[in-house]
Amino acid sequence: MIRILFIEDLDVDVQHALLQLKRAGVACISKRVDTGQGLTAALQDFAPDVILSDFSLPQFDGMSALQIAKQLAPGIPFVFLSGTIGEERAIDALRAGAVDYVLKENMARLPPAVKRAISEAAAKADQARQEAQIARLNRVLRMLSGVNGLVLRSRDRTDLLKETCRLAISVGGYSAAIASSKVPGFTSIQPVAWSGIDDSMTDALRLYVAASAARETSVIARVVRSGKEFVCNNTADHVATTTFDSLMQHAGMLSVVALPLIVDHTTNAVLVLTAREADLVSDEELDMLREVAGNLSFVLQYLQRDTTARFLSHFDPQTGLAKRQLFVERVQHFIADAVGPPARHAVIVMDVERLSIINDSFGRRTGDLLLQHVADRLKRFYPQADQIAHFNGGTFALVQSQGQRSDDDILTAGAQRAASIFREPFLIEGHSIPVAVRTGFALSPDDGRDATTLVQNAEAALRHARAASEQHVHYNAATSTQSVGQLALEHRLRLALERQEFVLHYQPKVSLSTRRIQGAEALLRWQSPEDGLISPGAFLPLLEVTGLIVQVGDWVVRQAARDCQGWLEAGLPPVRVAVNIAPAQLRHTDFEHNFLEAVRPWSTAEWGLDIEITEGALQEDSLAEVRKLRRLHESGVRIAIDDFGTGYSSLRRLSALPIDTLKIDRCFVSKALASESGGSLVETIIALARAFSLTTVAEGVEHQQELDFLSRAGCSQSQGFLHSRAVPADEFASMLQHGKGEFIQPAELQAGAGRPLIPASQNGVQGFK
């Protein structure tokens, strides 16, 4: 039933119009007014769907009526129905906001004009609602994005909740936000953070939340007890609690959401969001708010222990220097904040030469200590530590202002400075270790105007320095994309694959409870006729860059399968062998088929191949790869996250992946006994793995004290020099059968029958890993 408001002084004209509408099948109810006061009252009381107005009235006029209608009810279509309106005045009326005009001499146009006006108004109203909803969802999405950013930055739970409340108001568009959590000395949660557009009303809401949390019948108490969100889109129509409704209505808050923040399956905090509009929280918005609550819950649950993990996402744990991402941000600020005459800035990336040989000769611990000493010496020469970074391995970077010096002067000065820094050898645990570095540098603005480009080009210059065996190289766009040395090495690697020069060595993974071998990691080596046995650090990056890693990785899987099957057929004790899978290999379409083809004919629950992947191999968009791993997992293949903690795995992401094992990176193991925080971090990772029912394997274990600590912490397995370096397949088979020294018990001994007495490193055991 259409509600029509007539602005007409003659009732006979109204009846004539209604008769015309009735003949056209338009059912309606109507009301007639002929003054401005009558129009104002009817717009409020009658709520018409359309207005039909005469142009000239004795006490009123149509243009004034149009102005009142547009001010008080802009969404109601306004149609002139007049016998006196001329074409010129009709055009003026349409420009002023009327949607149509109908002459009383042509009433046949009235029904379609009314229908069209109402339809178009409904379409506009629907479009406006959709646009408002999209704008609303965009605000909430920006709020969600802001909260996700807090996950990386926040180090204090109260600061986290305060900033969340601020974002809810300034970005999310809510009217008030109250965050309550457990507070020492109180039996119920208490407000710890709040924000709002009206301070007095926000304070009133805060006091209500504080008082109501202890009442079992209150909304807050129900949310705490049930762990489920509370949503009310119109407090005037919803029966929650009398105090709650009256307070919200008094404040003009018609929409309310209370979100539980869950920690260890218990509501640890509640976030209350209110808005003045009714029917504000759609299903889509509620999904986003649940995501906000989920992210906050994870942060609250692991905040204290995750503080170290967040630090590790930006800083290298060995050296305390910024990682690459943070360094790029700092370079950008350094360039932007420079004052005075325009200056050139140099980004220098340097590489400690022969680091793998140092590791092989003196052990990983000595190599790690060397990197710390290198960092300390760089800090002495460059006191502004925010201009220095440690990318990975032996690669460091720094940024400097170079004034207006020429390229040659900068290169000469850089070489002299590097020689000065590394002139003296490093004294580490009784060893005098000389260090030489290669450097690559890029200059702004010639080699790049932004930090990302500068750093990338400095790295390209360093790669060229390595390939060309040069000590210091300035970025050159013409030569950076192709290096003679790289091409030569790539050619050698292709020949190595054809000539079967690659070999596998195996490093045992030992049970901490039985000291027996439970598994092994297959590690790639290159038996070069010219250079002897080469560790993967010298060629693996090029394999990945060129894509050869897919072919070599497939060979690794098949060779490890052949070795493992041979040990099975020889009657050796059972063992599962883990192979490292590169991201490019995992993405390859035939990976799943080839892997199962290699293991299915012979693998059992005790014998088989498992997969190790790094944290960075699986991003949020790696759905196809995750599905592959899930299918392999369902086929009995076990999945491990390698070097856990060196990336920044989301706990939500971790719980969704089909993994069985976390491998604790050696940099954490080596620091476990050095400080309370180092030990706490390892214990945290082990506890986290236990919470997800995962096995833990500690890498890089070199000392009995580390082994004892890991055993007390509940770690499952140990891998490192303490037990054995990586050894050829036949040597590993012997170790599997007979054990090795005091650290690996032979298969026939009982669990715990022996204990380590002499570290393997003191018996001259060396290796690549």
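Residues numbered from 1 in each chain as written. Predicted model: local features only at pLDDT ≥ 70, side-chain atom pairs only at ≥ 80, totals over all residues. Heavy atoms only, no water.

## Things to note about the overall build of the chain
When helices and strands are counted, the chain shows 27 helices and 27 strands. Expressed as a percentage of its 769 residues, the buried residues of the chain come to 50%. Of the contacts formed within the chain by residues at least 6 apart in sequence, a portion of 67% connects residues at least 24 apart. Summed over its atoms, the accessible surface of the chain is roughly 35,300 Å², and 50% of this surface lies on carbon and sulfur atoms. (Helix = DSSP H or I, 4+ residues; strand = E, 2+ residues; numbered from the N terminus. Buried < 20%, exposed > 50% of the residue type's maximum accessible area, 1.4 Å probe, protein only. Contact = heavy atoms within 4.5 Å. Areas by Shrake-Rupley, 256 points an atom, 1.4 Å probe, with all protein chains shown as cover.)

## With respect to helix α11 (residues 324-336)
With 13 residues, α11 extends 18 Å from end C-alpha to end C-alpha; this agrees with the ideal 18 Å at 1.5 Å per step. Buried residues of α11: Leu 326, Phe 327, Val 328, Val 331 and Ile 335, and no others. (Expected span 1.5 Å × (residues − 1).)

## Some points on unusual backbone geometry
Put simply, Ser 444 and Pro 445 share a cis peptide bond, and its omega is 0°. For Pro 445, the location among the structural elements is in the loop between β16 (437-444) and α15 (451-468). The backbone phi angle of Gln 500 is positive, close to 60°, even though this residue is not glycine. Note on placement: Gln 500 falls in the loop between α17 (484-498) and β18 (502-511). One non-glycine residue with positive phi stands out, namely Ser 693, at about 60°.

## Quick notes on the sheet that holds strand β4 (residues 78-82)
The sheet built from five strands is open, its strands ordered β2-β1-β3-β4-β5 with parallel pairing. Each edge of the sheet is formed by a strand with only one pairing partner; in this case those strands are β2 (28-33) and β5 (100-103). Direction aside, the axes of adjacent strands within the sheet are offset by 25° on average. In this sheet, β2 lies alongside strand β1 (residues 2-7) in parallel orientation, the contact comprising six bridges. Within the sheet, the bridge partner assigned to Ile 4 lies in β2 and is Ser 30. Running over the sheet, helix α3 (residues 62-72) touches β1, β3 (50-53) and β4 and is turned about 165° from β4. (Pairing = 2+ DSSP bridges. Axes fitted to C-alpha atoms, helices over the stretch in contact; angles between N-to-C directions.)

## Quick word on the sheet that holds strand β7 (residues 190-196)
Read across the open sheet, the five strands follow the order β7-β6-β10-β9-β8; overall the sheet is antiparallel. Whereas interior strands pair on both sides, the edge strands pair on one side only; in this sheet they are β7 and β8 (230-232). In this sheet, neighbouring strand axes are inclined to one another by 15° on average, regardless of whether the strands run parallel or antiparallel. Pairing analysis gives six bridges linking strand β6 (residues 176-181) to β7, with the strands arranged antiparallel. Its bridge partner being in β7, Ser 180 is matched across the sheet by Pro 191.

## Notes on the pairing of β3
Of the two faces of β3, the one holding Val 50 and Leu 52 and the one holding Ile 51 and Ser 53 are both buried throughout. Pairing between β1 and β3: four bridges, direction parallel. The residue bridging Leu 5 from the neighbouring strand is Ile 51, located in β3. As paired elements, β3 and β4 share three bridges and run parallel to each other. Bridge assignment links Leu 52 to a residue of β4, and that residue is Val 79. With respect to chirality, the unit in which β3 leads through α3 into the neighbouring parallel β4 is right-handed. (Right-handed = clockwise from strand over helix to strand, strands pointing away.)

## Structural notes on the confidence of the model for the chain
Considering every residue of the chain, the mean pLDDT works out to 84; 88% of them sit at 70 or more. Mean pLDDT across the elements of the chain bottoms out in helix α9 (residues 242-251) (57) and peaks in strand β21 (residues 576-580) (95). When the criterion is pLDDT under 50, residues 749-769 qualifies, and its contacts beyond four places in sequence or with other chains add up to 59 contacts. (pLDDT = per-residue confidence, 0-100.)

## As for the environment of Thr 267
Mapped onto the elements of the fold, Thr 267 is located in strand β10 (residues 266-275). The class of Thr 267 is buried, set by a relative accessible area of 5%. Each C-alpha atom, one on Thr 267 and one on Val 224, is 5.3 Å from the other, the two residues being 43 residues apart in sequence. Thr 267 has contacts with Lys 182, Val 223, Val 224, Gly 227, Pro 260, Leu 261 and Ile 262, leaving out every residue within four places of it along the chain. At a separation of 3.2 Å, a polar atom in the side chain of Thr 267 contacts the main-chain carbonyl oxygen of Val 224. (Polar contact = N/O pair within 3.5 Å; in protein donor to acceptor, adjacent residues only side chain to side chain.)

## Here we look at the pattern of salt bridges
Taken as a whole, this structure holds 28 salt bridges when the rule is applied. Between Glu 229 and Arg 290 there is a salt bridge, with its nearest N and O atoms 2.6 Å apart. Here the residue Glu 229 occupies a position in the loop between α8 (219-226) and β8, and Arg 290 occupies one in helix α10 (residues 283-314), the gap between them amounting to 61 residues. We classify Glu 229 as partly exposed; its relative accessible area is 28%. Look at Arg 290 and you get partly exposed, because its relative accessible area is 40%. For Lys 663, the salt bridge identified is with Glu 612, shortest N-O distance 2.9 Å. Of this pair, Lys 663 sits in strand β24 (residues 661-664) while Glu 612 is found in strand β22 (residues 608-614), placing the two residues 51 residues apart along the sequence. A relative accessible area of 1% places Lys 663 in the buried class. According to the relative accessible area criterion, Glu 612 is buried, its value standing at 1%. Residues participating in the shared-partner salt-bridge network are Lys 509, Glu 521, Glu 612, Lys 663 and Glu 699. (Salt bridge = Lys/Arg side-chain N within 4 Å of Asp/Glu carboxyl O.)

## Focus on the side chain of Ser 282
Locating Ser 282 in the fold gives a position in the loop between β10 and α10. By relative accessible area, which is 16% here, Ser 282 ends up buried. Here Ser 282 is in contact with Gln 133 and Leu 137, once residues within four sequence places are set aside.

## Focus: the environment of Ala 520
Mapped onto the elements, Ala 520 comes out in strand β19 (residues 517-528). You can call Ala 520 buried: its relative accessible area is 0%. Expressed as a C-alpha distance, the spacing of Ala 520 and Pro 508, which sit 12 residues apart in the sequence, is 4.3 Å. Leaving out residues up to four positions away in the same chain, Ala 520 has contacts with Tyr 506, Gln 507, Pro 508, Lys 509, Val 575, Arg 576, Val 577, Ala 578 and Phe 732.

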